[in-house]
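Understanding the architecture of this molecule
Take a look at the letters that make up each chain.
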Amino acid sequence: MSYQPLLLNFDEAAELRKELGKDSLLGNALTRDIKQTDAYMAEVGIEVPGHGEGGGYEHNRHKQNYIHMDLAGRLFLITEETKYRDYIVDMLTAYATVYPTLESNVSRDSNPPGKLFHQTLNENMWMLYASCAYSCIYHTISEEQKRLIEDDLLKQMIEMFVVTYAHDFDIVHNHGLWAVAAVGICGYAINDQESVDKALYGLKLDKVSGGFLAQLDQLFSPDGYYMEGPYYHRFSLRPIYLFAEAIERRQPEVGIYEFNDSVIKTTSYSVFKTAFPDGTLPALNDSSKTISINDEGVIMATSVCYHRYEQTETLLGMADHQQNVWVHASGKTLSDAVDAADDIKAFNWGSLFVTDGPEGEKGGVSILRHRDEQDDDTMALIWFGQHGSDHQYHSALDHGHYDGLHLSVFNRGHEVLHDYGFGRWVNVEPKFGGRYIPENKSYCKQTVAHNTVTVDQKTQNNFNTALAESKFGQKHFFVADDQSLQGMSGTISEYYTGVDMQRSVILAELPEFEKPLVIDVYRIEADAEHQYDLPVHHSGQIIRTDFDYNMEKTLKPLGEDNGYQHLWNVASGKVNEEGSLVSWLHDSSYYSLVTSANAGSEVIFARTGANDPDFNLKSEPAFILRQSGQNHVFASVLETHGYFNESIEASVGARGLVKSVSVVGHNSVGTVVRIQTTSGNTYHYGISNQAEDTQQATHTVEFAGETYSWEGSFAQL
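Cut-offs applied
Residues numbered from 1 in each chain as written. Predicted model: local features only at pLDDT ≥ 70, side-chain atom pairs only at ≥ 80, totals over all residues. Heavy atoms only, no water. UniProt positions renumbered as here; feature names shortened; annotations may be inferred. Helix = DSSP H or I, 4+ residues; strand = E, 2+ residues; numbered from the N terminus. Rg over C-alpha atoms; globule rule 2.2 N^0.38 Å. Buried < 20%, exposed > 50% of the residue type's maximum accessible area, 1.4 Å probe, protein only. Contact = heavy atoms within 4.5 Å. Areas by Shrake-Rupley, 256 points an atom, 1.4 Å probe, with all protein chains shown as cover. Lys, Arg positive; Asp, Glu negative; His and termini not counted. Charge placed at Lys NZ, Arg CZ, Asp CG, Glu CD. Salt bridge = Lys/Arg side-chain N within 4 Å of Asp/Glu carboxyl O. Axes fitted to C-alpha atoms, helices over the stretch in contact; angles between N-to-C directions. Parallel < 35°, antiparallel > 145°, perpendicular 65-115°, else oblique. Left-handed = near helix turned anticlockwise from the far one by under 90°. Nonpolar A, V, L, I, M, F, W, Y, C, P; charged D, E, K, R; others polar. Core = buried A, V, L, I, M, F, W, Y, C linked by side-chain atoms within 4.5 Å. Pairing = 2+ DSSP bridges. Polar contact = N/O pair within 3.5 Å; in protein donor to acceptor, adjacent residues only side chain to side chain. Patch = residues over 30% accessible without salt bridge, like charges linked within 9 Å, V, L, I, M, F, W, Y side chains within 5 Å. Expected span 1.5 Å × (residues − 1). Phe/Tyr/Trp six-rings, centres within 6.5 Å; stacked < 30°, edge-to-face > 60°. Lys NZ or Arg CZ within 6 Å of the ring centre and 35° of its normal.

Named according to an unreviewed UniProt entry, the protein chain is Chondroitin lyase originating from Vibrio coralliirubri. The UniProt entry for the protein chain carries this comment under Subcellular location (unreviewed entry): "Periplasm".

Notes on the overall build of the protein chain
The helix and strand tally for the protein chain stands at 17 helices and 27 strands. Expected size for 717 residues packed as a compact globule is a radius of gyration near 27 Å; at 27 Å, the protein chain falls within 12% of this value. Along the first, second and third principal axes, the C-alpha set of the protein chain runs to 90 × 55 × 55 Å. The 717 residues of the protein chain split such that 61% are buried. Expressed as a percentage of contacts within the protein chain between residues at least 6 apart in sequence, the contacts between residues at least 24 apart total 67%. Taken as a whole, the protein chain presents about 26700 Å² of accessible surface, with 46% of it coming from carbon and sulfur. Positive and negative side-chain charges in the protein chain, numbering 53 and 99 respectively, have mean positions lying 3 Å apart.

What to know about the pattern of salt bridges
Per the stated rule, a full pass over the model turns up 33 salt bridges. Between Arg147 and Glu143 there is a salt bridge, with its nearest N and O atoms 3.2 Å apart. Of this pair, Arg147 and Glu143 are both found in helix H6 (residues 143–164), four residues apart, which corresponds to roughly one turn of the helix. The class for Glu143 is partly exposed, based on a relative accessible area of 48%. For Arg147, the salt bridge identified is with Asp151, shortest N-O distance 3.5 Å.

Focus on the packing of helix H8 (residues 174–189) against helix H9 (residues 193–201)
At a closest axis distance of 8 Å, the pairing of H8 and H9 adopts a crossing angle of 155°. Regarding the angle of H8 to H9, the classification is roughly antiparallel. Here H8 runs over H9; the crossing is left-handed. Mapping the contact onto sequence places Val180, Val183, Gly184, Gly187 and Tyr188 in H8 and Gln193, Ser195, Val196, Ala199 and Leu200 in H9. Classifying every residue of the contact of H8 with H9 gives six nonpolar, four polar and no charged.

A look at the nonpolar core
Nonpolar side chains in soluble globular proteins tend to be buried together. In terms of nonpolar packing, the biggest core is built from 129 residues, with Trp126, Tyr134, Phe212 and Tyr241 touching the most fellow members. Ignoring anything within four residues of it in the chain, the contact list for Tyr241 reads Tyr257, Ile264, Ser268, Met300, Ala301, Val304 and Cys305. Core analysis: the second largest hydrophobic core is formed by 40 residues, Phe384, Val416, Tyr496 and Trp584 among them.

Some remarks on the sheet that holds strand S19 (residues 632–641)
If you trace the eight strands from one edge of the open sheet to the other, you get S7-S8-S9-S10-S19-S16-S15-S12, paired in antiparallel fashion. Two strands lie at the open edges of the sheet, namely strand S7 (474–482) and strand S12 (541–545), each paired on one side alone. Geometrically, the sheet is characterised by an average inter-axis angle of 15° between neighbouring strands, direction not taken into account. Pairing of strand S8 (residues 485–496) with strand S9 (residues 499–508), which is carried by 10 bridges, proceeds in the antiparallel orientation. Directly across from Ser493, in S9, lies its bridge partner Asp500.

What to know about the side chain of Thr267
One can find Thr267 in helix H12 (residues 259–274). Within the structure, the side chain of Thr267 is placed 2.7 Å from the side chain of His233, a separation counted as a polar contact. For Thr267, the contacting residues outside a window of four places in its chain are Phe220, Gly224, His233 and Ile240.

Examining unusual backbone geometry
A positive phi angle, near 55°, is found at Asn462, a position not held by glycine. Of note, Ala704 is a non-glycine position whose phi angle comes to about 55°, a positive value. With respect to the helices, strands and loops of the structure, Ala704 is situated in the loop between strand S25 (698–703) and strand S26 (706–711).

Points about a nonpolar patch on the surface
Residues Tyr643, Ile648 and Val652 make up a contiguous nonpolar surface patch of roughly 300 Å² in combined accessible area. Tracing the sequence through the fold places Ile648 in the loop between strand S20 (643–645) and strand S21 (650–652).

Notes on the packing of H12 against helix H13 (residues 296–309)
Direction vectors running N to C along H12 and H13 enclose 130°, while the axes themselves pass 10 Å from each other. One way to sum up the angle between H12 and H13 is to call them oblique. Crossing hand, H12 versus H13: left-handed. Packed against H12, whose contacting residues are Ser262, Ile264, Lys265, Ser268, Tyr269, Val271 and Phe272, the element H13 presents Val298, Ala301, Thr302, Cys305 and Tyr309 at the interface. In terms of residue class, the contact of H12 with H13 is made up of eight nonpolar, three polar and one charged.

Some details on helix H15 (residues 329–340)
Helix length check: H15, at 12 residues, gives a terminal C-alpha distance of 17 Å against a target of 16 Å (1.5 Å per residue), a fit within 8%. Buried within H15 are the following residues: Ala329, Ser330, Gly331, Lys332, Leu334, Ser335, Ala337 and Val338. Along its buried surface, H15 packs onto helix H1 (10–17), helix H2 (25–43), H13 and helix H14 (313–322).

So, the pairing of strand S15 (residues 580–586)
Summarising burial for S15: seven of the seven residues are buried, a large majority. Of the strand pairs in this sheet, S12 and S15 are connected by four bridges, and their pairing is antiparallel. The residue bridging Thr545 from the neighbouring strand is Val582, located in S15. With seven bridges connecting them, S15 and strand S16 (residues 589–595) associate as antiparallel partners.

Overview of the sheet that holds strand S27 (residues 714–716)
With antiparallel pairing, the four strands of this open sheet are ordered in space as S22-S23-S24-S27. If you trace the sheet from one side to the other, it starts and ends with strand S22 (658–666) and S27, each paired once. Neighbour-to-neighbour, the strand axes of this sheet turn through a mean angle of 15°, independent of strand direction. Judged from the seven bridges that link them, strand S23 (residues 670–677) and strand S24 (residues 682–688) form a sheet pairing that is antiparallel. By the bridge assignment, Arg674 is partnered in S24 with His684.

Overview of H14
Within H14, burial applies to Leu315, Leu316, Gly317, Met318, Ala319 and Gln322. Along its buried surface, H14 packs onto H2, H12, H13 and H15. Residue Gln323 follows H14 closely and has a positive phi angle near 50°.

Quick word on a negative patch on the surface
A cluster of acidic residues, Glu373, Asp481, Asp482 and Glu509, forms a negative patch at the surface. Inspection of the secondary structure assignment puts Glu373 in the loop between strand S2 (364–371) and strand S3 (377–383). Under the relative-accessibility criterion, Glu373 is labelled exposed at 78%.

As for the packing of aromatic side chains
By the definition in use, this model includes 26 aromatic pairs. Judged by centre distance (5.6 Å) and plane angle (90°), the ring pair of Tyr134 and Tyr138 falls under edge-to-face. Ring centres of Phe547 and Tyr549 lie 6.3 Å apart, and the angle between their planes is 70°; this geometry places the pair in the edge-to-face category. Given a relative accessible area of 7%, Phe547 falls into the buried group. Residue Tyr549 is classed as partly exposed on the basis of its relative accessible area of 36%. Taken together, the ring pairs connect Phe547, Tyr549, Trp584, Tyr591, Phe605 and Phe623 into an aromatic cluster. Taking the ring centre of Tyr3 as reference, the NZ or CZ of Arg250 above it sits at 5.1 Å.

As structure tokens, this is what we get:
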């Protein structure tokens, strides 16, 4: 038989058939898919609704229809049960019967509408999955059925994407990936090579101005990072892998998996490597806080990378965490490997720096990781890449946040210092149609919503997308050769006029502490005096402070704009020059942040929810370290300590060991900070402030009559 289904040929389907009923990752995935698909077919049957808004009933019904057609296609090949084949034929026939007569839907945003959905992105997804399903039953249907489905449905959809919306088809962008993958897969499914070529090489067939190869060539940094961040990046993995598998099977001469130095592997690993130890993806730019490596695209990527690229313990660890594989030949390879493994360690990608920008020239993301003897992972991340905007695609689709030098910290199973993520109730149509809520712009994107310094209560780059796109940070240093002492540093310049910033984070394993200390040194140089606010967004309950504060009797917002209007001023206190301590409890762990201070230092306790009439924002605590002056260094130490278990009324180590943190001094050569503990120990750390190419020399500084020397980017003195 010459025609083979696109993603799962008949021989592969026979191999997967052997997994039915087995207690393996693949066997369990098949059991789940069969249960889900059977239930949907029985409960819903064949229904083609009309138009509806994003996230509404009609939207979700169209979406569930394509999801279950795709599942039914593979289940037909694997189980050989004709009910799945009949379901797909009936569903595609029903759509083909009405599609030519449908008017365009109503667009609710900047994306042009399809006939089924309010935006073409969803229409692309529908056609892609429907085409995969069609390829699974193609060999079983009559010519008459093929003509109806192809002429009145699939070919009309292709025309919409490559003719009606040709101006969007060649855009190198996340949405563009879905468009070319949908047209390419549909072209393969209906034996339309002309459409496949447009999808592969662009409408001009030049491989540069558009098409899948141009997307792979231009969309990612040399380290595979996607400028919009992991949330949108993981979304791009699905069309990449679905189309790549189809290309490899239909046109192996393209060499898609080797294309551009195996960019498909590189860009997949970029997503994998940014994940927190619990599998969630860090919220860089507009991001859901719940998206993780259990996402469908990452599941596909894990399976295919293991099958086609390399068989590593780290990928096995990911699969063991996911407890899932792609129902595909590659998923069987990975599932068999997990079955055969005796001991699988939790995945750990180690410490790394990932470049941003097409040439890797626009800063990036630095990540430090530490695994202790209890196999608990501590991770710290700072971000200083290019503005995460797809402004080139459409001005209304700016997913970038104004958060240069943002810091996230994770340990003991959760994010300790965290990012808010996006302001959106996905598919909850009473909440602004499930789209981005107004507070996404007025709070979530603003600098104060992140763990980085605001100047004069303003947002970086004046909250101006075009200005922000002209700026990017730079790596100052990244050293992670020794797990017991690792460091990373980044800089941003002129994000505020006349202000340069450098943030250095050291992960230091010291014998007297339970967990590595996170030493955070934020250095600001300015040409004038300003107010500097360093927000600390955390979860949990404040336990104690070492300074007095006053609770506000009447709640008022902290400011009028730039995100401050959404923060209630709950309490505040002046801090003496010995510094401040704020301690809180989150789940079963205590955390203390001890920070240096100068004259006039202040700590403000805040909570999101002000000026939020529709209760759109999550109510979350934060405290702000405030200092006025010209040049300033915030030096802080985050300590993880103790244990709390309410059920057995146990509390151990509720007080941390860090007593004080002070800035001994700072100049153009270096910064020296001092940490003193309650046990009487004193630690000094030196950080180079010189250009990266001169940091390996010996640094010598003198502060208050004392001389300090060290070699390298940073050191414990």
